[in-house]
Amino acid sequence: MIIQNIDKHFLQVYNSNSLEEEFQLEQFTTGESLTMIDIEEIESLCKSKTNLETSDIEKIKEVSKSMQLMADLSKANVFIDCLLTNEKHAIVVAEAAPTTVKSIYQNRVVGTIAYETFEPAVLYCLQSGNAMTSNRAITQERKKVEQSVVPIFNDENVVIGALIMEKDISEQVEDREELEALSKTTESLSGLLMGHSDQQPLVPELMEEALFFVGLEGELLYSNPAAINLLHELKGTNCEYGENLVEQLPILTNIVEKEDELLVTEMEAFDKTFKIKKIRLPLNEKYNGMFIILRDLTDLREKEKELIIKSVAIKEIHHRVKNNLQTVASLLRLQMRRGIPEESKVYFLESLNRILSIASVYEVILSNSSIDEVDIYELTERIGDMLVYTGYSSKKITIDYSGDSLTIESGRAVSIALIINELIQNCVNHAFEGKARGHIDVIFNQDSRMMDVIVRDNGVGFKGKNTSSLGLDIVKRMAEHDLSGEFEIIGIEQGTEAKLRFPKESRG
């Protein structure tokens, strides 16, 4: 038989013990090579990727002729691996998938590398000449298999390859694991937390929370290091196993006495704030009692109070800034009512609108829950409605808003508010000369990184000579320096389009 130099245990591994199967195997191996085994491919891989001699390659080719029968009889995938030239890893030179059951692999693996990290049994067999049977492994396609590996020897009794069988055992393992999990849920939980008789529990030792395991009457059965430290900090003493924990920590009295299987509460004691959890275990022979877990929330609650105080302070600052800006705006209005030169009126009005636009930022902040973020869609609506519907223009102008909203920090919101003010103010003042009515569209568009704000009107159109105006100079400077963005204004078929583009996230 052509596999006479393979470890005799191979036939046992592949369930080929019967005389009938041995007879069939001998019959098959004296015949033609099967179509699934590519002899030329084996020879090419062995010559280019291994250090095997010509006689060794012939031996590998001879063994490969029986692989398909082995795969069908054993209902397993069968492979031949050989050491690479560096002898650190192996390469798959032949494979046979069973026709009697579904193959483990969806793709061919001939020509792939078997790294020692992932195939330790294969490398061990190739390097030592020892067989490895019934070894659990996980394939490259994440299936659980039972793997057996036997060496292939040449005529000088030197290992030249490894014959490998892999059977899919995923379903068997999953069924067994599920059954074990269902039958040992309580035992696993208790064993994990309490440890076993021959070892100390690991998880409780690493917990930052104080963990006590007490009996039904409150007697202490176990405490982790964090619990010991907490008792010493609060009472200056230790609670020995068997002593009543409730007497040491009266705050636990109601917790222990309540019949609830699961209880979570928060209470203050010893000038601290604790979150307390109780987990009562079902009555059984091994564990009767409850876990009590204490977590010190004092620092967390103090920080929360500090944040609340800071939030209130910031809101108060925003409120005062808004009031101060509105006071300045009121003073400008008073000055305008008392009389100013007609040629100065437009400058007073522009300054007034700029101040009110900045004030709108703080109005939006104060109207929302966030203490320092502004929805620029809402901000633009406030500014646009103020300029168009409560301004001093005698023309009938309408304005619409559309697109995506974006929330940004207040610092950049001030710059955007001033830019929006200038652009809409520019439309109101200059876009509709000689017209009784007009319309303005404000459009918001955004992608993953950038935000576009477009102000478009149906007025007389943009004229290049207006590019040196103070308002547009303010817009360009703020777009480039404050927002790290860009600004352009162009004439369109009917009117003017101004476009502000800036990053959604601040660049510092």
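Caption draft 1: Molecular detail of the pairing of strand β15 (residues 437–446). Direction of pairing for strand β13 (residues 396–403) relative to β15: parallel, over a ladder of 8 bridges. If you follow Thr-398 over to β15, its bridge partner there is His-439. Note that β15 and strand β16 (residues 450–457) share 7 bridges and pair antiparallel. Looking across to β16, one finds that Ile-443 is bridged to Ile-454. Taking the residues between adjacent antiparallel strands as the criterion, β15 and β16 are bridged by 3 residues.

Caption draft 2: Representation of the pattern of salt bridges. The final tally for this structure, using the stated rule, is 17 salt bridges. Residue Glu-409 pairs with Arg-412 through a salt bridge whose shortest N-O separation is 2.9 Å. With a relative accessible area of 7%, Arg-412 lands in the buried category. Measuring nitrogen to oxygen at the nearest pair gives 3.9 Å for the salt bridge that ties Lys-499 to Asp-452. Residue Lys-499 is found in strand β18 (residues 495–503), and its partner Asp-452 is found in strand β16; the two are separated by 47 residues along the sequence. We classify Lys-499 as partly exposed; its relative accessible area is 25%.

Caption draft 3: Broad picture of the side chain of Glu-497. Considering the arrangement of structural elements, one finds Glu-497 in strand β18. A polar contact is formed between the side chain of Glu-497 and the side chain of Arg-456, at a distance of 2.7 Å. Every residue in contact with Glu-497, bar those within four places of it in the chain, is listed here: Ile-454, Val-455, Arg-456, Glu-488, Ile-489, Ile-490 and Ile-492.

Caption draft 4: The pairing of strand β11 (residues 290–296), seen in detail. Where burial is concerned, most of β11 is hidden: 5 out of the 7 residues are buried. Summarising the sheet, strand β10 (residues 272–280) and β11 pair through 7 bridges and their orientation is antiparallel. Residue pairing across strands places Lys-275 opposite Arg-295, the latter belonging to β11.

Caption draft 5: Quick look at the packing of aromatic side chains. Using the criterion set out here, one finds 3 aromatic pairs in the structure. With centroids separated by 5.5 Å and ring planes inclined at 85°, the aromatic side chains of Phe-79 and Tyr-105 adopt a geometry described as edge-to-face. Here Phe-79 is found in strand β1 (residues 77–83), whereas its partner Tyr-105 is found in the loop between β2 (90–96) and β3 (113–114), with 26 residues between them in sequence. Taking relative accessible area as the criterion, Tyr-105 reaches 12% and is therefore assigned buried. Considering the side-chain rings of Tyr-377 and Phe-444, the 5.2 Å spacing of their centres and the 40° angle between planes classify their relative orientation as tilted.

Here is what the cut-offs are and how they apply
Numbering of residues begins from 1 in every chain and follows the order in which that chain's sequence is written. Per-residue local features are limited, in this predicted model, to residues with pLDDT of at least 70; the limit for side-chain atom pairs, both in listing and counting, is 80 or more; totals at the level of whole chains, interfaces and linings are taken over all residues. As a convention, hydrogens and water are excluded, and side-chain values are obtained from all of the structure's heavy atoms. Whether two strands pair depends on DSSP finding at least two bridges between them. For the purposes of this entry, the term helix denotes a DSSP run of H or I that reaches at least four residues, the term strand denotes a run of E that reaches at least two, and both are numbered from the N terminus. We define a salt bridge as a contact between a side-chain nitrogen of Lys or Arg and a carboxyl oxygen of Asp or Glu at a distance within 4 Å. Only protein chains enter the calculation, and the probe is 1.4 Å; a residue is then buried if its accessible area is under 20% of its type maximum, exposed if over 50%, and partly exposed in between. Any pair of N or O atoms that falls within 3.5 Å is considered a polar contact. Within protein, one atom must be able to donate a hydrogen and the other to accept it, and sequence-neighbouring residues count only if both atoms are side-chain atoms. Any two residues having at least one pair of non-hydrogen atoms within 4.5 Å are treated as being in contact. In summary, the pairing rule links any two rings of Phe, Tyr or Trp, Trp by its six-membered ring, whose centres are within 6.5 Å, and it sorts them by plane angle into stacked for under 30 degrees, edge-to-face for over 60 and tilted for everything else.

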